[in-house]
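Notes for the structure review
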Amino acid sequence: MIIEPVIQGVIARSAHPYGCRQAVREQIEYVRSAPPIQAGPKRVLILGASSGFGLASRIALTFGGAEADTVGVSFERGPSEKGVGSAGWYNNIFFRQEAEQAGRVATNIIGDAFSPEVRDQVIKAIRTDLGGQVDLVVYSLATGVRPDPTTGELWRSVIKTVGEPLTGQTVNLETGQLDTVTVDAATPAEIEATVKVMGGDDWAAWIDTLLQAGVLAPGCRTVAYSYIGPAITYPIYHQGTLGRAKVHLHATAADINRRLNAIGGGADVAVCKALVTKASVFIPALGPYILALFKVMKESGTHEGCIEQMQRLFQSRLYGQQHIGRDEQGLIRMDDWEMAEDVQLAVTELIAMITPENFQSVSDYAGYREDFLKLNGFGLQDVDYHQEIDFQELKVLEP
Ligand code: NAD
Ligand code: NA
C-alpha cells in the first residue's frame, strides 16, 4: 500500500507512519543540538503527549538535556479496517523506540485522560515504570469534549466569539483557498461548556488525584499551555470562548500553585506562540494573522516551531534558572518573540494587504501547508513515499 495525504477541510484523513517517525527523529536531532536543559526533571508525566506541544515537551525533556523518563497519555487510533491510524499513534510508537534505544523509559497510555480508568493506569505506571513519583506534570490536552465527572454528560467546547459575531477568513487546506467565514457569538451555556473543557478544572483534578496518590515528588512542578495573541485577534481568541477558558486556566494555576507549594513545587502557565497543530487549524478567522505571522517571523529569523518553543521553555525558563521570568500576571511568556513590537507592526501591515486572491504569494501559505502535512508525516526529507507499506507490519507495532 502507498499512503497519500488526504485532507478534508482542515482535517487530515491519513497519516504516513514512517513520515511520522522521521518527524520525531528530526525533533530529537534539533534538541540534541540546542542549548541543553540544565537541572531538569528526571521523571515526567505528559498529558497530551502524542502531538503538538505535548510531544515536543516529551522530546525536549528526554533528548534535550534532562534525560527524563516519561509516561505519556493520549487519545489516538491504531490501524484498523478504517485506515492506517492517526499520526499521534505512530508518534507515540516511534518516540518510545527512540527513547528506549537511548536507555530511557517511555510508557504510552492510550485512552481518555478524563476517565477514572486512565487516571488509575497512570498512577500504576508511575509506580511501576518511573519508580513511584514524578518531578513534572505537563498538561497539554486539546480536545472538544469532556464528560462531566459527576453526571457523565458531555460538555462540548465551541470556538465562537463572546458578544458580537465576527466575519473573517479561514485557511481551507483542502482547497487551498481563504474562505470567508462568519463566527457566531456563543450562548452563555456554550461559553460555560468551553470553559469546562479547555479551562483549568481537569488540570486541577489531575493534580489533586496525583497528590492524593502520593506520586508527586517533593518539588514537583506542573505546566499548562496557553495562548493570548495581539489585540487584532482578541475578538476571535482572547475575548472569545477559548480565551475565556484560558483565563480560567490562568486562575486555576494560582490554586494549583498553592497546593504544590506545600510539597515545595509549583504550577505555571506558559503562553506559547501561535503554531500549526492538529488543534489550532480549527480556529476560524485566524488565517490571515497566522499566515502573516509566519512570513514576518521567518524573515526576522525568530520563527519557532513547537519543538523550538518547548526546548527554550525548559532550558531558559523553567529549569536551571535562579528566577523563572514571569509577567505581572505570573505567566511565562514564550510568545515574547511573536509579540515583539516590530513583528506585530509588520504583521498588521501585511494583514492589510492579504486578499483571497493574493494570499498564496504574499503570505507564508506554503510554510503553513508544509507544517500541516508534516504533522501527518508527509513532505519530510529522507522518507521514500513510493515505498510500499505492509499493513500487517503496522498492525504489530505496539504503543
Ligand atoms: P494537539 O492537538 O497537537 O495535541 C493535543 C493532545 O491531546 C494530543 O496528544 C491528543 O491525543 C491529546 N488528547 C486530546 N483529547 C484527549 C483525551 N480525551 N484523552 C487523552 N488525550 C487526549 O494540540 P496542541 O496545539 O499541542 O495543544 C496543546 C495545548 O497547547 C492546548 O492547551 C493549546 O491551547 C495550547 N496552545 C496551542 C497553541 C497553538 O498554536 N497550537 C498556542 C498556544 C497554546
Ligand atoms: Na499536545
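Per chain, residue numbering runs from 1 following the sequence as it is written. Starting at A for chains and at 1 for ligands, labels are handed out in the order in which the entities are written. Residue-level local features of this predicted model are given only where pLDDT is at least 70; pairs of side-chain atoms are given and counted only at 80 or more, and the full residue set underlies all totals for whole chains, interfaces and linings. No hydrogens and no water enter the side-chain calculation; it runs on all heavy atoms of the structure.

Observations concerning the overall build of the chain
Secondary structure follows DSSP: runs of H or I at least 4 residues long count as helices, runs of E at least 2 residues long count as strands, and numbering of each begins at the N terminus. In terms of helices and strands, the chain carries 13 helices and 13 strands. In summary, the chain has a C-alpha radius of gyration of 20 Å against a globular reference of 21 Å for 399 residues, a match within 12%. Taken over the C-alpha atoms alone, the chain extends approximately 55 × 55 × 45 Å along its principal axes. The buried label applies to any residue whose accessible area, calculated with a 1.4 Å probe on protein chains only, is under 20% of its type's maximum; exposed applies above 50%, and partly exposed to all values in between. The 399 residues of the chain split such that 55% are buried. A fraction of 78% describes how many contacts in the chain between residues 6 or more apart in sequence connect residues 24 or more apart. Per-residue and other accessible areas were derived by the Shrake-Rupley procedure at a 1.4 Å probe size, with only the shown protein chains allowed to occlude residues. Carbon and sulfur atoms provide 50% of the accessible area of the chain, an area that totals close to 17,200 Å². With 34 positive and 48 negative side-chain charges, the chain shows a separation of 5 Å between the mean positions of the two kinds. Each radius of gyration reported is based on C-alpha atoms, and the globular scaling rule is 2.2 Å times the count of residues to the power 0.38. Contact definition: two residues touch when any of their heavy atoms are within 4.5 Å. Charge convention: Lys and Arg are scored as positive, Asp and Glu as negative, and His as well as the terminal groups of each chain are ignored. Charged groups are reduced to one reference atom each: NZ for lysine, CZ for arginine, CG for aspartic acid, CD for glutamic acid.

Remarks on the pairing of strand E10 (residues 177-183)
Each regular strand shows side chains that alternate between the opposite faces of the sheet. Here, any two strands with at least 2 DSSP bridges between them count as paired. The sheet contact formed by strand E9 (residues 166-172) and E10 spans 7 bridges and is antiparallel. Bridge pairing links Asn172 to Gln177 in E10. Once E9 ends, the chain turns through 4 residues before running back antiparallel as E10, passing Gly176 with a positive phi of about 70°.

Overview of the UniProt feature "domain: Trans-2-enoyl-CoA reductase-like NAD(P)H binding" (unreviewed entry) in the chain
UniProt positions are given in the numbering used here, feature names are shortened, and annotations may be inferred rather than shown by experiment. As recorded in UniProt, the feature "domain: Trans-2-enoyl-CoA reductase-like NAD(P)H binding" (unreviewed entry) lies at residues 2-81. Across residues 2-81 one finds 36% helix and 19% strand; the C-alpha atoms that close the span lie 16 Å apart.

Re the site of ligand 1
Residues are classed as near a molecule or strand on a simple rule: at least one heavy atom within 4 Å of it. As a structural note, the neighbourhood of ligand 1 is formed by 30 residues, with Ser50, Ser51, Ala113, Leu275 and Thr277 the closest of them. We define a polar contact as two N or O atoms separated by no more than 3.5 Å, with the added condition that, inside protein, one atom must be a possible hydrogen donor and the other a possible acceptor, whereas residues neighbouring each other in sequence contribute only through side-chain atom pairs. The separation between an oxygen atom of ligand 1 and a polar side-chain atom of Glu76 is 3.0 Å. Put simply, Ala, Val, Leu, Ile, Met, Phe, Trp, Tyr, Cys and Pro go in the nonpolar bin, Asp, Glu, Lys and Arg in the charged bin, and everything else, Gly too, in the polar bin. Counted by class, the shell around ligand 1 contains 14 nonpolar, 11 polar and 5 charged residues.

Description of the coordination of the sodium ion (ligand 2)
Note that water is not among the atoms considered, so a metal site may appear incomplete; the donors listed are N, O and S atoms within 2.8 Å of the metal, with 3.2 Å applied to Na, K and Ca. At this site the sodium ion (ligand 2) is bound by Gly48 (O), Ser51 (O), Gly54 (N), Ser140 (O) and Ser140 (OG), with donor distances of 2.7 to 3.1 Å. Donor residues for the sodium ion (ligand 2) sit on one chain with the sequence pattern G-x2-S-x2-G-x85-S. On the criterion of sequence distance, the pair formed by Ser51 in the loop between strand E3 (43-47) and helix H2 (52-63) and Ser140 in the loop between strand E6 (134-139) and strand E7 (145-147) is long-range, its members being 89 residues apart. Classification of Ser51 as partly exposed rests on a relative accessible area of 29%. Judged by its relative accessible area of 15%, Ser140 falls in the buried class.

Focus: the packing of helix H5 (residues 188-198) against helix H7 (residues 241-261)
Orientation of H5 relative to H7, taken along the N-to-C sense of each, is 50°, at an axis distance of 8 Å. Relative to H7, the element H5 is oriented oblique. Viewed along their axes, H5 and H7 form a crossing whose handedness is right-handed. Between H5 and H7, the contacting residues are Ile191, Thr194, Val195 and Met198 on the first element and Thr241, Leu242, Arg244, Ala245, Lys246 and His248 on the second. Axis definition: a line fitted to C-alpha atoms, limited for helices to the stretch in contact. Angles are taken between N-to-C directions and run from 0 to 180 degrees. Put simply, angles under 35 degrees are roughly parallel, angles over 145 are roughly antiparallel, angles from 65 to 115 are roughly perpendicular, and the rest are oblique. Should the near helix be turned anticlockwise from the far one by less than a right angle, the crossing is termed left-handed; should it be turned clockwise, right-handed.

Some thoughts on unusual backbone geometry
Backbone geometry follows two general trends: most residues other than glycine have a negative phi, and most peptide bonds adopt the trans configuration. Positive phi values are uncommon outside glycine, yet Ala39 reaches one of about 55°. Here Ala39 lies in the loop between helix H1 (17-33) and E3. Residue Ala39 is classed as exposed on the basis of its relative accessible area, which comes to 68%. Notably, Glu67 is not glycine yet its phi reads approximately 55°, a positive angle. Position of Glu67 among the secondary structure elements: in the loop between H2 and strand E4 (69-74). Overall, Glu67 belongs to the partly exposed group, its relative accessible area being 45%.

Considering the sheet that holds E6
Strand order in the open sheet made by the 7 strands is E5-E4-E3-E6-E11-E12-E13, with parallel pairing throughout. Here the strands that pair on one side only, and so sit at the sheet edges, are strand E5 (106-110) and strand E13 (332-333). Alignment of strand E12 (residues 266-271) against E13, held across 2 bridges, turns out to be parallel. From the neighbouring strand, Ala270 faces E13, where its bridge partner is Ile332. Lying on the sheet, helix H4 (residues 116-129) is in contact with E3, E4, E5 and E6; it crosses E5 at an angle near 170°.

Considerations on the nonpolar core
In these notes, a set of buried Ala, Val, Leu, Ile, Met, Phe, Trp, Tyr and Cys residues joined through side-chain atoms within 4.5 Å is what counts as a nonpolar core. Counting residues in hydrophobic clusters, the biggest one holds 92 residues, and the most contacted among them are Ile59, Val138, Tyr225, Leu313 and Phe314. With 8 residues, helix H8 (residues 287-300) is the single largest residue contributor to this core. In this structure, Val138 is in contact with Val44, Leu45, Ile46, Leu47, Ser57, Leu61, Val223, Tyr225 and Phe314, ignoring residues within four places of it in sequence. Leu45, Ala204, Leu216 and Ile228 belong to the second largest nonpolar core, which has 35 residues in total.

Overview of H8
Helix span is expected to be 1.5 Å times the residue number reduced by one. An ideal rise of 1.5 Å per residue puts 20 Å on 14 residues; H8 measures up with 20 Å between its terminal C-alpha atoms. Counting buried positions along H8 gives 10 out of 14 residues, so the element sits mostly inside the fold. Buried residues of H8: Gly287, Pro288, Tyr289, Ile290, Leu291, Ala292, Leu293, Phe294, Val296 and Met297, and no others. Packed against the buried residues of H8 are E9, E10, helix H10 (341-353), helix H11 (359-362) and helix H12 (365-375). Where H8 terminates, the next one or two residues include Gly301, which has phi positive at roughly 75°.

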